[in-house]
Every structure is written in C-alpha cells, then in structure tokens.
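One-letter residues, chain by chain:
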Amino acid sequence: MGSHFRSYIWDPVLIVSQIVLMQCIYYSFLGLWLAGVESLVQSSRSLDQIFSYELLGFATIQGRLSMMAFILNSLTSALGLWFFIRRGKQCLDFTVTVHFFHMIGCWIYNTHLPSTLSWWLVNGACMVLMAVLGEYLCMQTELRAIPVNSGPKSNL
C-alpha cells in the first residue's frame, strides 16, 4: 500500500469551519486596519468603509486610506492562511472564497454589484497579494527540512 503522508481526506466540517475562520480574520483585521488608518484623518466609522464600493477611490484622502487598509488587510489575511490553513495548494481556494463572500456582502449592502473600476482593481490586487503571500509562507513551512535523528543507534 502507498504512503499516506499528507493525504487529503474530505472533511466538510473542517472546510466550512476554515472558511468561517478566514472570514472572521478578514473582517476583524479589516476593521482594525480601517480604524487605525482612519484615525489619522478623524473620520466617522461605519459599515460603508467595508462594504460601500463608492468609498474606495484615488480621488479622496479617505478613499486612498481605505485602499491602504484593504492592502494591509490582505497581508494579515495571508498570515491567517499560513497559521490556520497551512496548505499551499489551498491558499488560492480560500482567498477566492473570502473575496467572493466579500463581493456578495457588498452586493447585498449596496443592492447591486460594485461598478467602480477602483473597487475591482483594489480587490483584485488584494486577492493576488493574499494568495501569493499566503502560498509562499505555506510553502516555506512545507519545504522546511525534516529533522532526522542522528543520535546513537541502539543494538537490538
């Protein structure tokens, strides 16, 4: 029989719980980044900063700061992939899932799909950044040398 090292077992409960965990990480850290970045300009906080596509833009200071928070959030979400998903092969799947649910949330919040180019560019860049960095970190962990015990052998 073949080796079962790192074999994949279908576990829907694990997958759903990882999706929920990644959504919690995504929105928790996005809220923290937005609060930190927006404290620089003393603006009011609301769900519009997370879900309203009209606020993301290059024209205003608030739009640029929100874009910076989304980019910083993709870095911390990549760390979430590294700590909790731990498989390079699954990083892209979870990244697309997180951003897909964010798009659905924006669609529900605004009652229509986001229509600004800046929203699509920012979320596309964040998706790429989160997936690539998460996959890189997971691969570094997966490729780490496995220590081999080179101690004295016992006589049997």
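With an unreviewed UniProt entry as reference, the protein is termed Protein SYS1 homolog, source organism Gasterosteus aculeatus aculeatus. Here is the UniProt Sequence similarities (unreviewed entry) comment for the protein, exactly as written: "Belongs to the SYS1 family."

(A) Representation of a nonpolar patch on the surface. A cluster of nonpolar residues, Leu21, Leu79, Phe83 and Phe84, forms a patch on the protein surface that exposes about 360 Å² of accessible area. For the nonpolar patch, the element with the most residues is helix H3 (residues 61-85), which contributes 3 residues. Relative to the helices and strands, Phe83 is located in helix H3.

(B) Structural view of the UniProt feature "transmembrane region" (unreviewed entry) in the protein. UniProt annotation of "transmembrane region" (unreviewed entry) refers to residues 12-35, 65-85, 92-111 and 117-138 when read in the numbering used here. In residues 12-35, helix accounts for 100% and strand for 0%; the two terminal C-alpha atoms are 34 Å from one another. Secondary structure over residues 92-111 splits into 95% helix and 0% strand, and the C-alpha atoms at its two ends are 28 Å apart.

(C) Main features of helix H4 (residues 88-110). Given a rise of 1.5 Å per residue, 23 residues ought to cover 33 Å, and the 34 Å separating the end C-alpha atoms of H4 matches this to within 8%. Here H4 has its buried residues at Gly88, Gln90, Cys91, Phe94, Thr95, Val98, His99, His102, Met103, Gly105, Cys106 and Asn110. On its buried side, H4 packs onto helix H1 (12-38), helix H2 (48-51), H3 and helix H5 (117-142).

(D) Fine view of the environment of Ile71. In this structure, Ile71 sits in helix H3. Spatially, the C-alpha atom of Ile71 lies 9.5 Å from that of Trp33, the residues being 38 residues apart in sequence. Dropping the residues within four chain positions of it, Ile71 is found in contact with Cys126 and Leu129.

(E) Structural detail: H5. Compared with an ideal rise of 1.5 Å per residue, which puts 26 residues at 38 Å, H5 spans 37 Å between its outermost C-alpha atoms and is within 8% of the ideal. Considered for burial, the residues of H5 that qualify are Ser118, Trp119, Val122, Asn123, Cys126, Met130, Ala131, Gly134, Leu137 and Cys138. In this fold, the buried residues of H5 make contact with H1, H3 and H4.

(F) Structural view of the nonpolar core. Ranked by internal contacts, the top residues of the largest apolar core, which has 26 residues, are Met22, Leu30, Leu56, Phe70, Leu81, Trp119 and Val122. Apart from the residues lying within four places of it in its own chain, the contact partners of Met22 are Ser77, Gly80, Leu81, Ile85, Phe94, Val98 and Met130.

(G) Local environment of the pattern of salt bridges. In total, this model carries 1 salt bridge according to the counting rule given. Among the ionic pairs, Arg87 bridges to Glu142, the shortest N-O distance being 3.9 Å. Here the residue Arg87 occupies a position in the loop between H3 and H4, and Glu142 occupies one in helix H5, the gap between them amounting to 55 residues. For Glu142, a relative accessible area of 36% translates into the label partly exposed.

(H) Looking closely at the state of the cysteines. Taken as a whole and judged by the stated rule, the model has 0 disulfides. Left without a disulfide partner, Cys91 is nearest to the cysteine sulfur of Cys138, which lies 3.6 Å away.

(I) The arrangement of the side chain of His102 in detail. Tracing the backbone through its elements, the reader meets His102 in helix H4. Beyond its immediate stretch of four places on either side in the chain, His102 contacts Tyr26, Tyr27, Ile50, Phe51, Phe70, Trp119 and Asn123.

Calculation rules
Residues numbered from 1 in each chain as written. Predicted model: local features only at pLDDT ≥ 70, side-chain atom pairs only at ≥ 80, totals over all residues. Heavy atoms only, no water. UniProt positions renumbered as here; feature names shortened; annotations may be inferred. Patch = residues over 30% accessible without salt bridge, like charges linked within 9 Å, V, L, I, M, F, W, Y side chains within 5 Å. Areas by Shrake-Rupley, 256 points an atom, 1.4 Å probe, with all protein chains shown as cover. Salt bridge = Lys/Arg side-chain N within 4 Å of Asp/Glu carboxyl O. Helix = DSSP H or I, 4+ residues; strand = E, 2+ residues; numbered from the N terminus. Expected span 1.5 Å × (residues − 1). Buried < 20%, exposed > 50% of the residue type's maximum accessible area, 1.4 Å probe, protein only. Contact = heavy atoms within 4.5 Å. Core = buried A, V, L, I, M, F, W, Y, C linked by side-chain atoms within 4.5 Å. Disulfide = S-S within 2.5 Å.

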